[in-house]
Structures are given as C-alpha cells and as structure tokens.
Amino acid sequence: YYKTFKGKVLMNHSSESGIFKNILFSHLPNRKDNLSQIMIKLVFVITLLAMIISFVSVSHHFLVIKGETNLIEKNYELLGNEEPLTNRQINAFLNINPDFRGYIKIGNTKINNPIYQANNNTFYKIHNSLKEKSVFGSLYFDCNNTITFKKIDKNLIVYGNKTENEQLFSQLEKYKNIKFYKQNPTIRLSTFYSNDTYVIYSVFIINSDAKDDGGYIYNY
C-alpha cells in the first residue's frame, strides 16, 4: 500500500515485494500455468538469457579490441616523428619487451609497428608487445633470421596478422592496387644495426598451409 508523507509518496516494503513477485509470476513458469503458457514462458526466458549472453560477449570482444588498439597506438606515440630509430627509442622498446628487434613503417598505411623475435614462429602470432595473450598478436621476425652486429640476413621474413580493425599487416592488401603501389613503393625498416629503405619489387598472395595447395607450399 502507499502512504503520503510531507508531499512524498512512500511505498511499503511488502508492496515492493509483491510487485516483484507478480513480475516473476507473470514471466516465469509456475504451477498455475497450463502447458501452453509454460512453453511460451520458457521461450521468453531462453530468449532473454541468449540476449544477455550475446550482449556480454559482444561487449567483452569490443573491450578486448579497444585494448589491443590502444596498445598499438602507444607504440605510435613512442616512435613519434623520429626516423630512423634513435638509441632512446630502442632502449624504450627494449624496456617494454627485450624481444624487440626492429621497426617497420609503410607510408599511407597503419603499418607503423615494432617487430619482435622469439625462439619459435608461433609465440608472437598470439601474443602482443607485452607478451600477453592477444587476438591481434604482433609483428615478428622469423625465428631463424640472424640480426646481429656482425650479420644481418639479406632475406628478412616478417610475419603479421590481419585484424578486424585494419591494424598490423591488414593494409598490405592495398598493394593489390597498382596505383597505390606506384604512390607507395618503399618500406622503411630499422633494426639495432641498420636503417634501410626497401623498394617493393613483387607482391603476391600464397597459401600458408600445404593442405590448401595439394601438399605444396611456396618456400618464401
């Protein structure tokens, strides 16, 4: 029941409880329901639960993507406009992750990222620059590449994932367009021991799994 007190309406606790029970009673199956009503209410409950689960899942996915994107953007800030890499930048990246080996930048793309190197070619496929599990992963040199003061391999292989918000190596696909290639024909690559500009002479798409091509895989 309701009472008025100094111009305010107060609801008795038992009234609140009764309203809550009525809502549950009208939407959840109970003993007074016939079979048809029970089926309708079960469908309602299942639909509501599915909507809640979907909302939580989508929200979590959005937050994960946002977090990964923010981490990548922090690397942009750390690089700044300085090129090639300075000793200050190299030390800053190494303090974050000792697996840091270099930096790659391609004009008119979002490819402006640090490159790491592990003792295998799977770790940084699913880990970010903080070595945390990641849906994006990181850019990374092939584990067999040698990058030292005495020797840097002529054939450096850099791996990177395609992401749903056009980060990492997603925008390499822009090179399918010959006009884009003509406007952006070079790649800047810095390591501890070199700062080089590479001219792109070939762009091609291959399968990365032997089962996709009759047991054959191109030996890049």
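It should be noted that the structure appears before, not after, this text.
The present account deals with the structure reproduced in this document. (Residues numbered from 1 in each chain as written. Predicted model: local features only at pLDDT ≥ 70, side-chain atom pairs only at ≥ 80, totals over all residues. Heavy atoms only, no water.)

**Overview of the sheet that holds strand β5 (residues 139–141)**
Strand pairs in the sheet, formed through backbone hydrogen bonds, run parallel or antiparallel to each other. Rule in force here: At least two DSSP bridges between two strands are needed for those strands to be called paired. Think of it this way: any DSSP run of H or I at least four residues long counts as a helix, any run of E at least two long counts as a strand, and we number them from the N terminus.
Read across the open sheet, the six strands follow the order β6-β5-β4-β3-β7-β8; overall the sheet is mixed. Of all the strands in the sheet, just β6 (158–159) and β8 (195–199) have a single pairing partner and so form its edges. Where strand β4 (residues 112–116) and β5 come together, two bridges link them in parallel fashion. Considered in β5, the bridge of I115 is made with L139.

**Details of the side chain of D99**
Stated formally: Here a polar contact is recorded for every N or O atom pair within 3.5 Å, except that within protein the pair must consist of a potential hydrogen donor and a potential acceptor, and residues adjacent in sequence are included only if both atoms are side-chain atoms. Throughout, a residue-residue contact means that at least one pair of heavy atoms, one from each residue, lies within 4.5 Å.
Examined against the element boundaries, D99 turns out to sit in the loop between α3 (87–96) and β3 (100–105). Only 3.2 Å separates the side chain of D99 from the side chain of K131, close enough to count as a polar contact. Here D99 is in contact with I115, Y116, Q117, Y124 and K131, once residues within four sequence places are set aside.

**Description of α3**
Formally: Here the term buried applies to any residue with accessible area under 20% of the maximum for its type, exposed to any over 50%, and partly exposed to those in between, with areas from a 1.4 Å probe on protein chains only. This arc is built from the directions going out from the helix axis to the C-beta atoms.
Residues of α3 that are buried: Q89, I90, A92 and F93. All buried residues of α3 lie within an arc of 160° about the axis, which places them on one face of the element. In this structure, α3 carries N87 and N95 as exposed residues pointing more than 90 degrees from its buried face.

**Comments concerning a nonpolar patch on the surface**
Definition in use: Patch membership requires over 30% relative accessible area and the absence of a salt bridge. Like charges are linked within 9 Å, and nonpolar side chains (Val, Leu, Ile, Met, Phe, Trp, Tyr) within 5 Å. In these tables, accessible area is a Shrake-Rupley quantity obtained with a 1.4 Å probe, and a residue counts as shielded only by the protein chains included in the view. Definition used for salt bridges: Asp or Glu carboxyl oxygen within 4 Å of a side-chain nitrogen of Lys or Arg.
On the surface, a nonpolar cluster with roughly 710 Å² of combined accessible area is contributed by F44, L48, L49, I52, I53, F55 and V56. As for its placement among the helices and strands, F44 is situated in helix α2 (residues 35–79). Of the residues examined, F44 reaches a relative accessible area of 39% and is grouped as partly exposed.

**Some remarks on the nonpolar core**
Here is a general trend for soluble globular proteins: nonpolar side chains tend to be buried in one another's company. Note the threshold: Only buried residues count toward a nonpolar core, which is a set of Ala, Val, Leu, Ile, Met, Phe, Trp, Tyr and Cys residues joined through side-chain atoms within 4.5 Å.
Counting residues in hydrophobic clusters, the biggest one holds 18 residues, and the most contacted among them are I104, I115, L139, F141 and L189. Of all the secondary structure elements, the ones that give two or more residues to this core are α2, β5 and β7 (186–191). Excluding its chain neighbours within four sequence positions, the residues that come into contact with I115 are D99, F100, R101, G102, Y103, I104, L139, Y140, F141, V158 and L189.

**Some remarks on the pattern of salt bridges**
Going through the model one piece at a time under the given rule, you end up with three salt bridges. Residue K131 pairs with D99 through a salt bridge whose shortest N-O separation is 3.2 Å. Of this pair, K131 sits in the loop between β4 and β5 while D99 sits in the loop between α3 and β3, and the two are 32 residues apart along the sequence. In this structure D99 comes out as buried when scored by relative accessible area, which is 17%. Residues E173 and K162 are paired through a salt bridge, measuring 3.4 Å at the closest nitrogen-oxygen approach. One end of the pair, E173, is in the loop between β6 and α4 (178–183); the other, K162, is in the loop between β6 and α4, and eleven residues separate them in sequence.

**Some thoughts on the pairing of β8**
Pairing analysis gives five bridges linking β7 to β8, with the strands arranged antiparallel. Among the inter-strand pairings, L189 is bridged to a residue of β8, identified as D196. The hairpin turn running from β7 into β8, its antiparallel successor, is three residues long.

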